[in-house]
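Per-entry structural report
Here is how the chains run, residue by residue.
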Amino acid sequence: MKKKNSQEIKIHPSYYKLPKKVSLFHQNSIYEPHTLGLWHKHQELVVINKDPHDHLVQLNALKNYFSRNLPKKINIQRTFRFQTSENIPIRITCDIHPWEESYLLVLNNPYFSSTDETGAFTIKNLPVGDFQFRIWHEKVGYLLAKEEWGRGIVNLKIRPGKNDLGVIKVSPKLFED
């Protein structure tokens, strides 16, 4: 999310109570959760190995670079601090186990969300004003569910109270190989 006129976004006080650490677990040779977000000015990523074998964490970022080994000792963890936000979600992989992947969105504000299993999402306590939101999916990148969504950008006027986007239908053809 970004302000349409490039002004600083007002952060709701409730977001300053977010945990300082965002956890990503290696468990049963998968990453959990599959998607997560991080407010880089106030949070850091902690990757925790819950498996009895090694992992080689690779964060495929554009602006921040990390590569860390997670030894096979159970509950070993590594902390990653981001210096800046990223333009797109970071694909996190394991160089030892290629099926392991997760996605991390690193922003300069806390206004982000992932959908649940039904496709619904909520972003609480948004400031009032005109904003741009970017819709992204791991398979297709920027989601173009409507013609006016150039590069997945949705322009919204946030009003006091509840703001509901309604149902957004996405063509299954977007996800075909």
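Here's a quick rundown of the structure. (Residues numbered from 1 in each chain as written. Predicted model: local features only at pLDDT ≥ 70, side-chain atom pairs only at ≥ 80, totals over all residues. Heavy atoms only, no water.)

1. Side note on the sheet that holds strand β14 (residues 153–158)
The cut-off we apply is this: In this analysis, strands are considered paired if DSSP registers two or more bridges between them. Put simply, DSSP H or I for four residues or longer makes a helix, DSSP E for two residues or longer makes a strand, and each gets a number counted from the N terminus.
What the 3 strands build is an open sheet, ordered β1-β11-β14; its pairing is antiparallel. If you trace the sheet from one side to the other, it starts and ends with β1 (2–3) and β14, each paired once. Summarising the sheet, β1 and strand β11 (residues 129–134) pair through 2 bridges and their orientation is antiparallel. Its bridge partner being in β11, K2 is matched across the sheet by Q132.

2. Quick word on the nonpolar core
Stated formally: We define a nonpolar core as any set of buried Ala, Val, Leu, Ile, Met, Phe, Trp, Tyr and Cys residues linked to one another through side-chain atoms lying within 4.5 Å. Each residue gets one of three labels from its accessible area relative to the maximum for its type: buried under 20%, exposed over 50%, partly exposed in between, using a 1.4 Å probe on protein chains only. In what follows, a contact means two residues having at least one pair of non-hydrogen atoms within 4.5 Å.
Grouped together as the largest cluster of nonpolar side chains are 18 residues, with contacts concentrated most on L45, L59, F80, F82, I90, I92 and L104. Of all the elements in the fold, those that place two or more residues in this core are β2 (21–27), β4 (35–39), β5 (44–49), β6 (55–60), β9 (90–94) and β10 (101–107). Ranked by the residues each element gives to this core, the list is headed by β9, at 3 residues. Those residues in contact with F82 that lie beyond four places of it in its chain are L38, H40, L45, L59, N64, F66, I90, L104 and V106. Ranked by size, the runner-up nonpolar core spans 9 residues in total, among them Y111, I123, F131 and I158.

3. Thoughts on the sheet that holds strand β3 (residues 30–32)
Our working rule: Every angle, taken between N-to-C directions, lies between 0 and 180 degrees, and every axis is a line fitted to C-alpha atoms, over only the stretch in contact when it is a helix.
Reading across the sheet, the 4 strands line up as β3-β2-β5-β8 and stay open at both edges, with mixed pairing between neighbours. Looking at strand neighbours, the two that pair on one side only are β3 and β8 (76–80), the edges of this open sheet. Ignoring which end each strand starts from, the neighbouring axes of this sheet average 25° apart. Pairing geometry for β5 and β8, over 5 bridges, is antiparallel. Bridge pairing links L45 to F80 in β8.

This is a description of form; function is not addressed.
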